[in-house]
Amino acid sequence: MLKLNQLPTEQRNPNTADIDRLSTLEMVRRINDEDKKVAYAVEKQLEPIARAVDAVAGALERGGRLLYCGCGTSGRLGILDAVECPPTYSTDPEMVQGIIAGGEPAVFQAVEGAEDDAEAGRADLAARNIGEKDVLVGIAASGRTPYVLGAMRLAAERGAVTVAVTCNAGSAMNAEADISIAVEPGPEVITGSTRMKSGTAQKMVLNMISTGAMIRLGKVYGNLMVDVKPSNEKLVRRAVSIVCDAAGVGEDEARAALESCEYSAKTAIVMLLCSLNAPQAAALLEQAGGRVAQALNLHKEESCHGQKA
C-alpha cells in the first residue's frame, strides 16, 4: 500500500506552485482551471458508476437501503446527498442514509481521530442493522480510512453490496469493494486539501448514484421530478409547474388536479393525460410500479383493447 505522501491526492500541483503570489483574479482562474479537470476524471469511471446505480436501484426496489459512510468532507457529502432524497423524490428518510465518523457533531465540526477507528465504523454500521438487501457506499479520497474500511468489511460480512468511491485507484477500499469507483482528478490546488477537487469528484459521483437510482425507480418522468414532496411553497409551485409541463395544461387545471390527489404530481399527470379520476389514476400507477410512462402505456393498451372489443 502506498504511503500517505505517495498518494495522488497528496502530491504538489506544479500548476499552482506560485498561487500565493498571484493576483486574486489569476488565483481563482487557476482554481477554476483545476476544477475543469474533475468532470473528465469522472468520465473515466462511468462504467463502474453505472454498475453502482443498478445495484442501488435493485436494492431499493427490493426494500433495501442505500447507506453512505465517510469521514470529514466525504462523510458530509454522503449526508448531504441522503438528506436531499426525501424532498426531491418523496423517499422514506430511512431509504438513503448518511453515516459520518464522530456522529452528528462531526457534521458541523471536525472530530479529531474519529476516522482512525475501524471498530467504530463497524459499530456505527451494525447499529443500522445492515443486511444483504442493502448497499454500502464507502467514501474517502485516500481510500484507506480505517473507519470506512471497518464499515465496509462488516457490510461484506453481512452480505451487503459494497461500493468504494475514492480518488486513489490503488487503495484498500477499491481492492475490497464489490464495485470500485476511483476518480483521480490529480493533485489538489492546495497540497492535500481534498475538500477541493476530490470533494467535487465525490459529489459528482454521489449525485449520479442517487439520481440514477431514482430514475430507475420511476421517480422521474422525462426529466421531471414527478415524485417531488410539496412540503413548502416553493415545492408546491414546482409541483404545479411539473404537472403543467407534463400534461400540457394551465396552472389552474394543474392545481385543481393536484388538490384532488393530495398533491401527488404523478397521479395528477396520469389523471390529466388519461382523463381519469384520482383513484383510477392511483390504481393505474400502482399497476405500473409507480412509473408514469408505463402507466400511460398501460392505459393506451387498455384503450386499444376496449376499442377492438
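This report concerns the structure included in the present document. (Residues numbered from 1 in each chain as written. Predicted model: local features only at pLDDT ≥ 70, side-chain atom pairs only at ≥ 80, totals over all residues. Heavy atoms only, no water.)

1. Structural notes on the overall build of the protein
A count of helices and strands for the protein gives 13 helices and 5 strands. Projecting the C-alpha coordinates of the protein onto the three principal axes gives extents of approximately 75 × 50 × 35 Å. Within the protein, the proportion of its 309 residues that are buried is 49%. Excluding contacts between residues fewer than 6 apart, the proportion of contacts in the protein whose partners are at least 24 apart in sequence is 64%. With the model as given, the accessible surface of the protein reaches about 15,100 Å², and the carbon-plus-sulfur share is 50%. Considering the protein, the positive charge centre built from 32 side chains and the negative charge centre built from 40 side chains are found 4 Å apart. (Helix = DSSP H or I, 4+ residues; strand = E, 2+ residues; numbered from the N terminus. Buried < 20%, exposed > 50% of the residue type's maximum accessible area, 1.4 Å probe, protein only. Contact = heavy atoms within 4.5 Å. Areas by Shrake-Rupley, 256 points an atom, 1.4 Å probe, with all protein chains shown as cover. Lys, Arg positive; Asp, Glu negative; His and termini not counted. Charge placed at Lys NZ, Arg CZ, Asp CG, Glu CD.)

2. Observations concerning the pattern of salt bridges
All told, the structure shown has 14 salt bridges when counted by the stated rule. One salt bridge in this structure joins Glu157 and Arg122, with 3.0 Å as the shortest N-O distance. Here Arg122 lies in helix α5 (residues 118-126) and Glu157 lies in helix α6 (residues 146-157), a separation of 35 residues in the sequence. Residue class for Arg122 comes out partly exposed when judged on its relative accessible area of 24%. If you follow the salt bridges from partner to partner, you end up with Asp18, Glu26, Arg29 and Arg30 in one network. (Salt bridge = Lys/Arg side-chain N within 4 Å of Asp/Glu carboxyl O.)

3. So, the environment of Gly218
Tracing the sequence through the fold places Gly218 in the loop between α8 (197-216) and α9 (233-247). The exposure class assigned to Gly218 is buried, which follows from its relative accessible area of 4%. Between the C-alpha atom of Gly218 and that of Tyr89, which follows or precedes it by 129 residues, the distance is 9.8 Å.

4. Looking at unusual backbone geometry
Located in the positive-phi region is Glu262, a residue other than glycine, with phi close to 55°. Counting through the fold element by element, Glu262 comes out in the loop between α10 (251-260) and α11 (265-274). If you check the backbone angles, Ser275 has positive phi at about 55° while not being a glycine. Tracing the backbone through its elements, the reader meets Ser275 in the loop between α11 and α12 (278-287). Judged by relative accessible area, which is 67%, Ser275 ranks as exposed.

5. A few points about the packing of α10 against α11
Remark: α10 packs on α11, axes separated minimally by 9 Å, with the N-to-C direction vectors making an angle of 120°. Once α10 is placed against α11, the crossing between them reads as right-handed. Residues Glu253, Ala257, Leu258 and Ser260 of α10 pack against Ala265, Ala268, Met271 and Leu272 of α11. Taken together, the residues that form the contact of α10 with α11 break down as 6 nonpolar, 1 polar and 1 charged. (Axes fitted to C-alpha atoms, helices over the stretch in contact; angles between N-to-C directions. Left-handed = near helix turned anticlockwise from the far one by under 90°. Nonpolar A, V, L, I, M, F, W, Y, C, P; charged D, E, K, R; others polar.)

6. Some details on the sheet that holds strand β2 (residues 96-100)
Taking strand neighbours across the sheet as the criterion, the 5 strands line up as β2-β1-β3-β4-β5 in an open arrangement whose pairing is parallel. Every other strand in the sheet has two partners, leaving β2 and β5 (179-182) as the edge strands with one partner each. Strand-to-strand twist in this sheet, taken as the mean axis angle between neighbours without regard to direction, amounts to 15°. In this structure, strand β1 (residues 66-70) lies alongside strand β3 (residues 135-139), joined through 5 bridges in parallel fashion. Bridge assignment links Gly70 to a residue of β3, and that residue is Ile139. Taken strand by strand, helix α2 (residues 46-61) contacts β1, β3, β4 (161-166) and β5, and its axis lies near 135° from that of β5. Here α8 sits on the sheet in contact with β1, β2, β3, β4 and β5, set at roughly 145° to β4. (Pairing = 2+ DSSP bridges.)

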